Amino acid sequence: MLKTLEQFNGKPSHLILSEIVVREVHAHLKKKAKEARASVVKAIRESKAHLSVVDESAKIASDALVPEIEDGEVAKKRLEDFVKNTGAEIIPATGRVELDEIIKKYFQAEPPFEDSGKKKSEFPDAIALMSIESWAKENNTKVLAVARDGDWKRFAEESDHIDLVEDLAEAISKFQPHSSAIDYCTDIAKLLPTEKPEELYESIQQYLSEQVAEIELYPEASSQFFYEPDYVEVVFDSFDFVCDESGSAVLQPVQGQNNTLIVEAKIVVSAEASTSFSLSVHDSIDKDYVSIGSSSASTEMEFEAEVLLTFEGDFDEGIEYVELVDFELLSSPSDVDFGDIEPDWWHEEQ
């Protein structure tokens, strides 16, 4: 989704980023780089111990997978590439935000500050929003901000220069020119809830089946015993499109050019999750845990998700001349609750 922002490079309606947001993203990317580095180093070290990988091969893997530059520089390079490719303008806070104004908003509980809660954590939001508003006033323009944050929303409601939407795809769609590709989007939005066109619907099902199976879920459960969960297997069952009041699928065009159309859709997925738990009890004499067997568990799950559909073809010629060439599941749950678990033999004994 973020890659589609490259379409604004060099355009009159361009992308702007608050310096505060850039700094926060850098910190996030640095943390992710650190975690990835630690995971790779650990995996290589364990491969020597458990897979009998020789030192020479481990060194080759380490040289190939573990960059010499520090995590902060890795994050900085990723950010610089993103800014370059999108043509984003970074709005600095210095010279745009008056400390007196922030202090006044803080003590008067004006947006983005609240009259209760952790107001100190809202200082970065205040600096970001006030610097963006200052830039918009200076350039006699309006800014469409994207944030799922109540403080940003309250600030935008009182600002004459900032509007806000919560969904990135919705924001991008407001800048798309009307074209035959957009007409195609409108046409299939009416058809998809009826499982037509059949070939397109079946392609979406196939993509979903493959990508739902790759979802990594943390298994949660409750038990009177100590337990260790195994890998969770997820099997796709079915899906439905989220529809508007007219019954059409909710589709947001996020890019339409060069015989390519990228669309975000909202769907509800049904699937089955299954795993097994190793159960044990604590031996108070040996001060150790004693295995009492395992428990197989499965549960039905349903979740709403966003997906990204990429179409290519001759949109002027009609639906049959366009095909789905890529699909991405953008969101999914991070955990699943299997409820109460007991050893598989528990009820047989009783």
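Thresholds, definitions, all that
Residues numbered from 1 in each chain as written. Predicted model: local features only at pLDDT ≥ 70, side-chain atom pairs only at ≥ 80, totals over all residues. Heavy atoms only, no water. Helix = DSSP H or I, 4+ residues; strand = E, 2+ residues; numbered from the N terminus. Buried < 20%, exposed > 50% of the residue type's maximum accessible area, 1.4 Å probe, protein only. Contact = heavy atoms within 4.5 Å. Polar contact = N/O pair within 3.5 Å; in protein donor to acceptor, adjacent residues only side chain to side chain. Core = buried A, V, L, I, M, F, W, Y, C linked by side-chain atoms within 4.5 Å. Axes fitted to C-alpha atoms, helices over the stretch in contact; angles between N-to-C directions. Left-handed = near helix turned anticlockwise from the far one by under 90°. Nonpolar A, V, L, I, M, F, W, Y, C, P; charged D, E, K, R; others polar. Expected span 1.5 Å × (residues − 1). Arc of directions from axis to C-beta. Salt bridge = Lys/Arg side-chain N within 4 Å of Asp/Glu carboxyl O. Phe/Tyr/Trp six-rings, centres within 6.5 Å; stacked < 30°, edge-to-face > 60°. Pairing = 2+ DSSP bridges.

A.B. asks: Honestly, the environment of tyrosine 321 in this entry has me stumped. Any pointers?
C.D. replies: By secondary structure assignment, the location of tyrosine 321 is in the loop between β10 (288–313) and β11 (322–329). Taking the relative accessible area as the measure of exposure, tyrosine 321 reaches 49% and is therefore partly exposed. If near-sequence neighbours (up to four positions away) are discounted, tyrosine 321 is found in contact with Glu312, Gly313 and Asp314.

A.B. asks: Just to check I follow, could you spell out the environment of serine 18 for this structure?
C.D. replies: Along the chain, serine 18 turns up in strand β1 (residues 16–18). Along the sequence, serine 18 and methionine 130 sit 112 residues apart, while their C-alpha atoms lie 9.7 Å from each other. If near-sequence neighbours (up to four positions away) are discounted, serine 18 is found in contact with Ile91, Ala128, Ser131 and Ile132. Engagement of the side chain of serine 18 in a polar contact is seen with the backbone nitrogen of isoleucine 20, the distance being 3.1 Å.

A.B. asks: Sorry, what's going on with the nonpolar core here?
C.D. replies: Side chains that are nonpolar tend, in soluble globular proteins, to be buried together. Core analysis: the biggest nonpolar cluster contains 48 residues, and Leu208 and Phe311 have the highest contact counts within it. Of all the elements in the fold, those that place two or more residues in this core are α8 (180–191), α9 (198–212), β7 (233–241), β9 (260–283), β10, β11 and β12 (335–340). Considering each element in turn, this core owes the most residues, nine residues, to β9. Those residues in contact with phenylalanine 311, other than ones at most four positions away along the chain, are Tyr184, Ile188, Leu200, Asn259, Thr260, Leu261, Val263, Val322, Glu323 and Leu324. Within the second largest apolar cluster, 21 residues are counted, among which are Met130, Ala145, Ala147 and Ala156.

A.B. asks: Looking at this structure, how should I read the side chain of threonine 275?
C.D. replies: Along the chain, the position of threonine 275 falls in strand β9. There is a polar contact of 3.0 Å between the side chain of threonine 275 and the backbone oxygen of tyrosine 231. When sequence neighbours within four positions are dropped, the list of residues in contact with threonine 275 reads Pro219, Asp230, Tyr231, Val232, Ser295, Ser296, Ala297 and Phe338.

A.B. asks: Any chance you could explain the packing of helix α5 (residues 123–138) against helix α6 (residues 150–158) here in plain terms?
C.D. replies: Two packed helices can be described by the angle between their axes and the distance between those axes. Their axes nearest at 11 Å, the elements α5 and α6 cross at an angle of 30 degrees. Seen along the crossing, α5 lies across α6 with a hand that is right-handed. Here α5 contributes Asp125, Ala128, Leu129, Met130, Ile132 and Glu133 to the contact with α6, which in turn contributes Asp151, Trp152 and Phe155. Within the contact of α5 with α6, the residues separate by chemical class into six nonpolar, no polar and three charged.

A.B. asks: What is the right way to read α8 from this model?
C.D. replies: Across its twelve residues, α8 extends 17 Å between first and last C-alpha, which sits within 8% of the 16 Å expected from 1.5 Å per residue. Those residues of α8 that sit buried are Ala181, Ile182, Tyr184, Cys185, Ile188 and Ala189. The buried residues of α8 occupy an angular sector of 150 degrees when projected down its axis, which confines them to one face. Here the buried face of α8 lies against α9, β8 (251–257), β9, β10 and β11.

A.B. asks: Help me understand the pattern of salt bridges in this model?
C.D. replies: A side chain with one charge may pair with a side chain of the opposite charge, provided their charged atoms come close. Under the definition given, this model contains 14 salt bridges. Notably, a salt bridge pairs arginine 23 with glutamate 19, separated by 3.0 Å at the nearest N-O pair. Taken together, the residues arginine 23 and glutamate 19, both in helix α1 (residues 19–50) and four residues apart, mark about one turn of the helix. For arginine 23, a relative accessible area of 55% translates into the label exposed. A salt bridge links arginine 96 to glutamate 138, with the nearest nitrogen and oxygen atoms 3.2 Å apart. Placement of the pair is arginine 96 in the loop between β2 (89–91) and α4 (99–107) and glutamate 138 in helix α5, with a sequence separation of 42 residues. Judged by its relative accessible area of 58%, glutamate 138 is exposed. Connected via shared salt-bridge partners are Arg148, Asp167, Glu264, Lys266 and Glu306.

A.B. asks: Just to check I follow, could you spell out the packing of aromatic side chains for this structure?
C.D. replies: Remark: the centre distance and the inter-plane angle together describe each pair of aromatic rings, the angle taken between the planes. For the structure shown, the criterion picks out nine aromatic pairs. A centroid spacing of 5.6 Å and a plane angle of 85 degrees characterise the contact between phenylalanine 8 and phenylalanine 175, whose relative ring orientation is edge-to-face. Of this pair, phenylalanine 8 sits in the segment before β1 while phenylalanine 175 sits in the loop between α7 (168–173) and α8, placing them 167 residues apart in sequence. The class of phenylalanine 175 is partly exposed, set by a relative accessible area of 41%. Considering the side-chain rings of phenylalanine 236 and phenylalanine 239, the 6.5 Å spacing of their centres and the 40 degrees angle between planes classify their relative orientation as tilted. Comparing phenylalanine 236 with phenylalanine 239 shows no difference in burial state: the two are buried.

A.B. asks: Would you mind going over the pairing of strand β5 (residues 218–222) with me for this structure?
C.D. replies: Where a strand is regular, its side chains alternate between the two sheet faces. Burial along β5 is one-sided: Pro219 and Ala221 are buried, while Tyr218, Glu220 and Ser222, pointing the other way, are not. Bridge count between β5 and β12: four bridges; the pairing is parallel. Residue serine 222 lies in a different strand from β12, and its bridge partner there is aspartate 340.

A.B. asks: Please clarify how the side chain of serine 248 should be interpreted in this entry.
C.D. replies: Looking at where serine 248 falls in the secondary structure, it is placed in the loop between β7 and β8. Setting aside chain neighbours within four positions, we find serine 248 in contact with Ala189, Lys190, Pro193, Val242 and Cys243.

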